[in-house]
Every structure is written in structure tokens, then in C-alpha cells.
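These are the residues of each chain, in order.
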Amino acid sequence: MRNADEVSEATWQEGTELPSRTLPAITRTALALYAGGSGDHNPLHIDLDFARNVAKMDDVIGHGMLTMALIGRYLTELVPQRAVRSYSLRFIGMSKVGDRLECTGRVTKLLEKDGQRCAEVELEAKRQGGETLATGTAVVAIGAT
Amino acid sequence: MNAKEYVGRQLSSFTFDVERSQLRLFAKAIGETRNLYLDVDAAKAAGYRDLPAPPTFPFTIGMNPDDQFDMLKAIDVELARVLHGEQSFEYFIPICAGDRVLVKREIVDAYEKRGGALSFFVIGLTYEDARSAQPFCSARQVVVARNPVAKNA
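Read on for a plain summary of the structure. (Residues numbered from 1 in each chain as written. Chains lettered and ligands numbered in written order. Predicted model: local features only at pLDDT ≥ 70, side-chain atom pairs only at ≥ 80, totals over all residues. Heavy atoms only, no water.)

### Some points on the overall build of chain A
No. 1: Per the secondary structure count, chain A includes three helices and five strands.
No. 2: Walking chain A from its N terminus toward its C terminus, one meets helices and strands in the order β-α-α-α-β-β-β-β.
No. 3: Summarising its shape, the C-alpha atoms of chain A cover approximately 55 × 30 × 25 Å along the three principal directions.
No. 4: The long-range share in chain A, meaning contacts at least 24 apart out of those at least 6 apart in sequence, stands at 63%.
No. 5: Carbon and sulfur atoms make up 46% of the accessible area of chain A, which totals about 6600 Å².
No. 6: Separation of charge centres in chain A, based on 17 positive and 19 negative side chains, amounts to 2 Å. (Helix = DSSP H or I, 4+ residues; strand = E, 2+ residues; numbered from the N terminus. Contact = heavy atoms within 4.5 Å. Areas by Shrake-Rupley, 256 points an atom, 1.4 Å probe, with all protein chains shown as cover. Lys, Arg positive; Asp, Glu negative; His and termini not counted. Charge placed at Lys NZ, Arg CZ, Asp CG, Glu CD.)

As C-alpha cells, this is what we get:
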């Protein structure tokens, strides 16, 4: 398991690419668990009959917030959660069953926030094949434990 | 009704009790296996008051437990027509199991695109400690509604 020690002081320079990570495929079980754990019971994510007959889609789609949670986990495996000052995401594509998210991050800016040295990190998740599902930004405090 | 007319509307406030069992299920659902998120002693050893809520858990807290899609009623759109466009969080104090969170929600912005075919609603949420009134975090979510007919095209 990665931990904060893997991101050394030298990482915090504009343009540094953070270690990328490809996550296990999104399964129907994962969507069901996420519906239960998150409290988001929108049938579009868990009920194939609803997806096909009501929403007129081929299959269920993944929760956007599951994508955000997975990228969040990627981020907090690089820096401790306590270091994360803000985290935002734009949803671009819908995740599907079987998608394996490739998460990447890049340091885009160093800044100071409330007297604390911080880095702005650009985040992206693509599905296999390269289509972008989400892009976002996090501000993380440097040296927080 | 033009999306703009919804700006400034307050949605109902409510409290949400953060429970260990739900945090553990949430952790499982997002593939989170680190002890810090599952084991109370490990969380305390890491300096948390109890199991910490992962960074996106406030979205869950922000859904009204009595009526999880009441936000959509407030903007007069059905579930099948909405997409989640954007989401952001700003963090002040970690939310942990045992916390009672007071959630306040307001429609802070709204606009239309493509001649009214799409309506965008920006919901601002604040999360504070219901006991001490200290702010935990804040969030903004952009909900996109696909309108069946372009009203103003």
C-alpha cells in the first residue's frame, strides 16, 4: 500500500507527474455496495430494468460520486486525507460496468493558503481505451501528516 | 420557469448522524481497505476522534435522509432527466463517526445553455457540527437537467 512517505518533498514542483494507478474493474457488486454505502439509491445505477425500460439506456451506469470517491482514494494514498484542503471534479463521461479507471495526477501550482504551503494537483480518470471520465483539482497541504 | 428564478431558494435543513457501520460500508464500496478507515483504534492512533469520513462522504451526508431526492423536487426536475455535472468540497475539520452534522442547502446559482435545452443548478451546502456549530466543510454541486423541449430556443 502506498502512503504519504512515497511522495517526497521533491514531488512538490510544478509539472511533477504523480504515480498513476489503474483500479480494478467496476462491477455490478461495486455499484450495489456503493448504492447501499452512499445512500444513493437512484435505480439508474443498480436496476437494469429501470436503465433499459425507463431511462432508455443499454445498461446501468456508474455513480459519478463513485468515480469521485475512487479518485479521492487515489489522492489519499498519495497524501494523507488531512492534507486535502479542497477537492473538485467535473464529470465528463459516464462510467460503465467493467471500466477500469486509470487515475493520474500532476502538480500544477504551488501556493499558500492560510499560511500553509500547498500544492494544486490536477486529477484525471480515464477508462481503458483513453476516454476521460472526469477531471478535477485538489489543493493539498505540503508536509501535513 | 427560467432556471434563474430558482436562485436564492433555501432547501430544508436537516441533521445527519455519522455512524461507524455506514462509514465501514462506504469504505468497502470504494475499495478502501486501510485500517485507518475501518478500525477505531487505528483511526485514533492517526489522530482522528473516531473513524474519519472519506473525502467524498459529505455528498452522502448532503442527501436528506427523509427524502433523498428532495433537491430535485426543489428544482422541479425528475430523476431520469438529471446528470451530476460537477462536485467540489472544501475541508476545514475532519468529519468522524459519532458526529452529528447540520446540513444547510441553498440554490446559489442557476443558468441555461443551448437555448434552454440544458438547465444548470448550483447547490451550495454547508456542513457544521450540530453541537458546537463549528464548520466541518462546504460543498457545491452542479446538477444538469436535460429539458425535453428547448423553451427559449
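### Digging into the pairing of strand S4 (residues 116–126) of chain A
Residues and elements named next belong to chain A.
No. 1: Note: strand S3 (residues 102–113) against S4, eleven bridges, orientation antiparallel. Each residue of the ladder has a partner; that of Lys113, found in S4, is Gln116.
No. 2: In this antiparallel pair of consecutive strands, S3 and S4, the connection spans two residues, and Asp114 shows a positive phi of 50°.
No. 3: Sheet topology places S4 next to strand S5 (residues 132–141); nine bridges connect them, and they run antiparallel. Opposite Cys118, over in S5, you have Ala141 as the bridge partner. (Pairing = 2+ DSSP bridges.)

### Some thoughts on the interface of chain B and chain A
No. 1: The partner chain A presents 31 residues to the 33 residues of chain B that form the contact.
No. 2: Approximately 2800 Å² of surface area, both sides summed, lies buried where chain B meets chain A, with 59% of it carried by carbon and sulfur atoms.
No. 3: Where chain B meets chain A, there are one salt bridge.
No. 4: One salt bridge connects Lys113 of chain A with Glu90 of chain B, and the closest N-O pair in it is separated by 3.1 Å.
No. 5: The interface formed by chain B and chain A includes 13 residue pairs in polar contact (both at pLDDT 80 or more).
No. 6: Looking at which element gives the most residues to the side of chain B that touches chain A, the answer is strand S2 (residues 82–91) of chain B, with eight residues.
No. 7: Residues that form the side of chain B that touches chain A fall into these classes: 18 nonpolar, ten polar and five charged. (Buried area = accessible area lost by both parts, 1.4 Å probe. Salt bridge = Lys/Arg side-chain N within 4 Å of Asp/Glu carboxyl O. Polar contact = N/O pair within 3.5 Å; in protein donor to acceptor, adjacent residues only side chain to side chain. Nonpolar A, V, L, I, M, F, W, Y, C, P; charged D, E, K, R; others polar.)

### Considering unusual backbone geometry
Residues and elements named next belong to chain B.
No. 1: Even without being glycine, Asp76 reaches a positive phi, approximately 60°.
No. 2: The topology assignment puts Asp76 in the loop between helix H4 (70–74) and S2.
No. 3: Phi at Ala133 is positive, roughly 70°, even though this residue is not glycine.
No. 4: You can see Ala133 is positioned in the loop between strand S4 (118–129) and strand S5 (135–146).

### Considering helix H3 (residues 64–76) of chain A
Given 3.6 residues to a turn, an α-helix orients residues that are three or four positions apart in the same direction.
Residues and elements named next belong to chain A.
No. 1: Given a rise of 1.5 Å per residue, 13 residues ought to cover 18 Å, and the 18 Å separating the end C-alpha atoms of H3 matches this to within 8%.
No. 2: A large share of H3 lies buried, amounting to twelve of its 13 residues.
No. 3: Residues Met65, Leu66, Thr67, Met68, Ala69, Leu70, Ile71, Gly72, Arg73, Tyr74, Leu75 and Thr76 constitute the buried set of H3. (Expected span 1.5 Å × (residues − 1). Buried < 20%, exposed > 50% of the residue type's maximum accessible area, 1.4 Å probe, protein only.)

### Looking at the sheet that holds strand S3 (residues 100–113) of chain B
No. 1: Pairing is antiparallel in the open sheet, where ten strands are placed in the order S1(A)-S3(A)-S4(A)-S5(A)-S2(A)-S2(B)-S5(B)-S4(B)-S3(B)-S1(B). The sheet is open, and its two edges are formed by strand S1 (17–22) of chain A together with strand S1 (10–17) of chain B, each paired on a single side. Within this sheet the neighbouring strands show an average axis-to-axis angle of 20°, counted without direction.
No. 2: As defined by bridge partners, strand S2 (residues 84–91) of chain A adjoins S2 of chain B across five bridges and the pair is classed as antiparallel. Each bridged residue has a counterpart across the sheet, and for Tyr87 of chain A the counterpart in S2 of chain B is Phe89 of chain B.
No. 3: Taken strand by strand, H3 of chain A contacts S1, S2, S3, S4 and S5 of chain A together with S2 of chain B, and its axis lies near 140° from that of S2 of chain A. (Axes fitted to C-alpha atoms, helices over the stretch in contact; angles between N-to-C directions.)

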